[in-house]
Amino acid sequence: MPALASSSPIPAVLTHLAPDPSTGHSDIPDWSPTTNNVADLRERLAGVPDPRCRRGRRHPLAAILALAAAAVCTGARSFTAIAEWAADAPGWVLEVVGARHRHDRYLVPEEATFRRVLQAVDGDALDTAISTWLATRHTTSTQQAHQRADSQTGPASTVIAVDGKSVRGTFARTGGAGVHLLAAFIHGHGTVAAQRQVGDKTSEIAWFAPLLDPLDLTGAVVTADALHTVAAHARYLHRRDADYVFTVKENQHRLYAQLDALPWHTAPVHTTSDTGHGRSERRTIQVLPLPETVTFPFAQQAFLIERYVTDHATGARSAIAALGITSLTPCQADPPSIASHVRGQWEIENRLHWVRDVTYGEDASRVRTGTAPRVMASLRNLAISALRLAGHANIAKALRHMARDITRPLTLLGIQS
């Protein structure tokens, strides 16, 4: 897989990711990462600026963040749960994370300290520290992935899904905007490459480029929903030597009409079927080269995807059609590949947003003050991504696994114990 240039603040994500757990890895891997092959998260957290005044600091910021990260890796959902996990940690844990030492013992930050710090810390700086650590982490699984990649005839492209999520608990009872986070998510591997908070009175469209700016996108494919099917994004990705696969809806009236008018009846139909979760699904895709009359920047092919779903319990049937456009040429991507990219876009919903909502109860959280909602989401991204890098497929099960041994979350984060 193509590596990112060394000049990028965040290196190529896929070159450092563990293989997709769905390819045969067990939920609990048969290897134990050690500090010899996992980068130490504390080194990245040390670069996050401390928002507190110099006077009155009792606990190092990196220690507070490391304890919070370890607690979230065991399933902690709130400031109280983080503080309780830290209070139960033995002295040697406080020592290795760099907690304050006084009167021959290590002091545990109180719940109020965790709350104040996580409400004030720079969210962009923390996300950058987390993303960089995830991208540069080396594990045994990564080495095995490299060996498999070397045996292949050619490298596969990095495929990145871009999508946003609102944290519902931050919405005021009287209405108004809450915290909305935009993430870049690696298809197949289930890890977060970057995250940014969408500013007030702006939209995801304005934050598309800032989200991807730290990443080296050379040779990558970026997927996004119809909101991001705008010419400016296509030009941006072309400047970054990346390709795109975008869906097209009627918010782009002219483009949608042009694609809808293409001679789809002449295009070959590629069909796949599967059964599971109490339903059967048949998917078809048709791909056509774009005529010169379609003027979307750098577009090469258009596609039409249709889904036919049958519910086994009720017998109800549904049909959904979607149009799309891509800068990939026929030599770069055949119809099954395009269909895979489009379907992979849903991974960010199923493997990130859904996990944060259901496993971590994010939308039910009442954390609303300052940067805390974004910081807690960042720590959840860290836990989910780190567990996937370690070969865990079921995050809920993995969190229980982490909670049963105090050393496991520390080892997961590369913190020497």
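Bear in mind the structure is a predicted one, so any value in this text is a computation, not a measurement. (Residues numbered from 1 in each chain as written. Predicted model: local features only at pLDDT ≥ 70, side-chain atom pairs only at ≥ 80, totals over all residues. Heavy atoms only, no water.)

Caption draft 1: Spotlight on the packing of aromatic side chains. Within the structure shown, the criterion is met by three aromatic pairs. Considering the side-chain rings of phenylalanine 208 and tyrosine 236, the 6.3 Å spacing of their centres and the 75° angle between planes classify their relative orientation as edge-to-face. Taken together, the residues phenylalanine 208 in helix H8 (residues 204-212) and tyrosine 236 in helix H9 (residues 231-239) connect sequence positions 28 residues apart. Look at phenylalanine 208 and you get buried, because its relative accessible area is 0%. An aromatic cluster of three or more residues is present, and its members are Tyr244, Phe246 and Phe296. (Phe/Tyr/Trp six-rings, centres within 6.5 Å; stacked < 30°, edge-to-face > 60°. Helix = DSSP H or I, 4+ residues; strand = E, 2+ residues; numbered from the N terminus. Buried < 20%, exposed > 50% of the residue type's maximum accessible area, 1.4 Å probe, protein only.)

Caption draft 2: Representation of the pattern of salt bridges. Taken as a whole and judged by the stated rule, the model has 19 salt bridges. The closest approach of N and O atoms between arginine 374 and aspartate 127, which form a salt bridge, is 2.6 Å. One end of the pair, arginine 374, is in helix H13 (residues 372-389); the other, aspartate 127, is in helix H6 (residues 123-136), with 247 residues separating them in the sequence. Side by side, arginine 374 and aspartate 127 carry an identical accessibility label, which is buried. Arginine 283 serves as the salt-bridge partner of aspartate 274, at 2.9 Å between the closest nitrogen and oxygen. With relative accessibility at 29%, the residue aspartate 274 sits in the partly exposed group. Linked by salt bridges that have partners in common, Lys165, Arg356, Asp357, Glu362, Asp363 and Arg380 make up one network. (Salt bridge = Lys/Arg side-chain N within 4 Å of Asp/Glu carboxyl O.)

Caption draft 3: Region of the structure containing helix H10 (residues 253-260). For H10, the set of buried residues is Leu255, Gln258 and Leu259. Buried residues in H10, looked at end-on, bunch into an arc of 95°, giving them a common side. (Arc of directions from axis to C-beta.)

Caption draft 4: Region of the structure containing the nonpolar core. Ile82, Val97, Leu118, Trp133, Leu382 and Leu413 are the most contacted members of the largest nonpolar core, which has 65 residues in total. Ignoring sequence-local partners within four residues, the contact set of leucine 413 consists of Val38, Ala39, Asp40, Leu41, Ala69, Ala70, Cys73, Trp133 and Leu382. Among the nonpolar cores identified, the runner-up in size contains 37 residues, and Phe208, Ala220, Leu262 and Ala267 belong to it. (Core = buried A, V, L, I, M, F, W, Y, C linked by side-chain atoms within 4.5 Å. Contact = heavy atoms within 4.5 Å.)

Caption draft 5: Quick look at the environment of arginine 52. Structurally, arginine 52 is set in the loop between helix H1 (41-45) and helix H2 (61-72). Judged by its relative accessible area of 21%, arginine 52 is partly exposed. Between the alpha carbons of arginine 52 and arginine 116 there is a distance of 9.2 Å; along the sequence they are 64 residues apart. Beyond its immediate chain neighbours, meaning those up to four positions away, arginine 52 contacts Arg57, His59, Pro60, Leu61, Ile64 and Val117.

Caption draft 6: Here's a closer look at the sheet that holds strand E6 (residues 221-224). A sheet is described by the order of its strands in space; here nine strands give the open sequence E5-E4-E3-E6-E7-E11-E10-E9-E8, paired in mixed fashion. The sheet terminates laterally at strand E5 (192-197) and strand E8 (270-276), the two strands that pair on one side only. Across the sheet, the mean angle separating the axes of adjacent strands is 20° when strand polarity is ignored. Where E8 meets strand E9 (residues 279-289), seven bridges bridge the pair, whose relative direction is antiparallel. Along E9, the bridge assignment pairs threonine 275 with serine 280. In the packing of H8 onto the sheet, the strands contacted are strand E3 (159-167), strand E4 (179-186), E5 and E6, and the crossing angle to E4 comes to about 45°. This element, helix H11 (residues 335-344), spans E3, E6, strand E7 (243-248), E8, E9, strand E10 (301-311) and strand E11 (317-326) of the sheet and lies at about 120° to E9. (Pairing = 2+ DSSP bridges. Axes fitted to C-alpha atoms, helices over the stretch in contact; angles between N-to-C directions.)

Caption draft 7: Local environment of the pairing of E3. Most of E3 sits inside the fold, with eight of its nine residues counted as buried. Relative to E6, E3 is paired through four bridges, and the arrangement is parallel. From the neighbouring strand, valine 159 faces E6, where its bridge partner is valine 221. Direction of pairing for E3 relative to E4: antiparallel, over a ladder of eight bridges. Residue aspartate 163 lies in a different strand from E4, and its bridge partner there is alanine 183.

Caption draft 8: Seen up close, unusual backbone geometry. Its identity as a non-glycine residue notwithstanding, aspartate 104 has a phi of 65°, on the positive side. Checked against the element boundaries, aspartate 104 lands in the loop between strand E1 (101-102) and strand E2 (105-106). Overall, the relative accessible area of 76% leaves aspartate 104 in the exposed class.

The values reported here are purely geometric and, on their own, carry no functional implication.
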